[in-house]
Amino acid sequence: AQSVTQPDIHITVSEGASLELRCNYSYGATPYLFWYVQSPGQGLQLLLKYFSGDTLVQGIKGFEAEFKRSQSSFNLRKPSVHWSDAAEYFCAVGAGGSQGNLIFGKGTKLSVKP
Amino acid sequence: EAQVTQNPRYLITVTGKKLTVTCSQNMNHEYMSWYRQDPGLGLRQIYYSMNVEVTDKGDVPEGYKVSRKEKRNFPLILESPSPNQTSLYFCASSPRQPGSSPLHFGNGTRLTVT
């Protein structure tokens, strides 16, 4: 069965600093991987996804993520954080095919210091 | 504008009083799903629907009902709400099974049961 672990519950970074949010997954085959962001009072919005091909994927709002099969990881990065990036971030892993479902991690809350 | 619309955004009710949270999508998506979000537990799936008249239980279906009579609508019904159903609820839709296709989320319904 699939599972997703986001080891960090809460991270605080200074505005302008770089950011890396960790995500580890468990899945037998090549997974479909997603990062979503939830701003306060909002639903979840897709940041980026990995299905196949280039292991470094670009998303919206200047985010990128790298799929590392050997480490079962899909970490989210941003070179310079803005105050508006303060939100909760969810990693998710999906199984393709007719019975595909989506499993979410428990989320990492990002705070940004001025 | 493509969107998932949930109503109401906020709802306060009393134990045992039946309620319905509506969800509608205008993207002709086949797949729809309900999640609840609780602190420390992340997103947990309540029910999902692969298409009209096809619904199935998620991870936490107890105390909830759903129906999918039309493709665009997927209401969540609490026949006899209890305080442990106090939560933030999200409806989501996807063109096909979410394991291989991004989910589009509504803005959430915050339910309080006293």
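Scroll up a little and you will see the structure.
Participant: So what's going on with the side chain of Asp38(B)? Which residues, and what values?
Facilitator: Residues and elements named next belong to chain B. Within the secondary structure layout, Asp38 lies in strand E4 (residues 31-38). Residue classification places Asp38 among the buried positions, given a relative accessible area of 10%. Each residue touching Asp38, except ones within four places of it in the same chain, is listed here: Arg44, Thr86 and Ser87.

Participant: I'd like a rundown of unusual backbone geometry, residues and numbers included.
Facilitator: In this structure, the amide linkage connecting Asn7(B) to the following residue, Pro8(B), adopts the cis form with an omega of -5°. Residue placement: Pro8(B) occurs in the loop between strand E1 (4-7) and strand E2 (10-13). A positive phi angle, close to 60°, is found at Lys61(A), a residue other than glycine. Among the structural elements, Lys61(A) can be located in the loop between strand E7 (56-58) and strand E8 (64-68). Its relative accessible area of 43% is what places Lys61(A) among the partly exposed residues. Of note in this structure, Ser72(A) is not a glycine but carries a positive phi near 50°. Checked against the element boundaries, Ser72(A) lands in the loop between E8 and strand E9 (73-78). For Ser72(A), a relative accessible area of 26% gives the class partly exposed.

Participant: Could you give me a rundown of the packing of aromatic side chains, with the residues and numbers involved?
Facilitator: Enumeration according to the criterion identifies 15 aromatic pairs over all chains in this entry. Ring geometry for Phe104(A) versus Phe105(B): centroids 6.2 Å apart, planes at 70°, classification edge-to-face. Here the residue Phe104(A) occupies a position in strand E11 (residues 102-104), and Phe105(B) occupies one in strand E10 (residues 104-105), the pair thus bridging two chains. Residue Phe104(A) is classed as buried on the basis of its relative accessible area, which comes to 9%. Ring geometry for Tyr64(B) and Tyr89(B): centres 5.9 Å apart, planes at 65°, overall edge-to-face. Of this pair, Tyr64(B) sits in the loop between strand E6 (54-57) and strand E7 (65-66) while Tyr89(B) sits in strand E9 (residues 87-94), and the two are 25 residues apart along the sequence.

Participant: Account for the sheet that holds E7(B), with residues named and values stated.
Facilitator: Ordered in space as E1-E3-E8-E7 (chain B), the four strands form an open sheet in which the pairing is antiparallel. Of all strands in the sheet, those with a lone pairing partner are E1 and E7 of chain B, marking the two edges.

About the thresholds
Residues numbered from 1 in each chain as written. Chains lettered and ligands numbered in written order. Predicted model: local features only at pLDDT ≥ 70, side-chain atom pairs only at ≥ 80, totals over all residues. Heavy atoms only, no water. Helix = DSSP H or I, 4+ residues; strand = E, 2+ residues; numbered from the N terminus. Buried < 20%, exposed > 50% of the residue type's maximum accessible area, 1.4 Å probe, protein only. Contact = heavy atoms within 4.5 Å. Phe/Tyr/Trp six-rings, centres within 6.5 Å; stacked < 30°, edge-to-face > 60°. Pairing = 2+ DSSP bridges.

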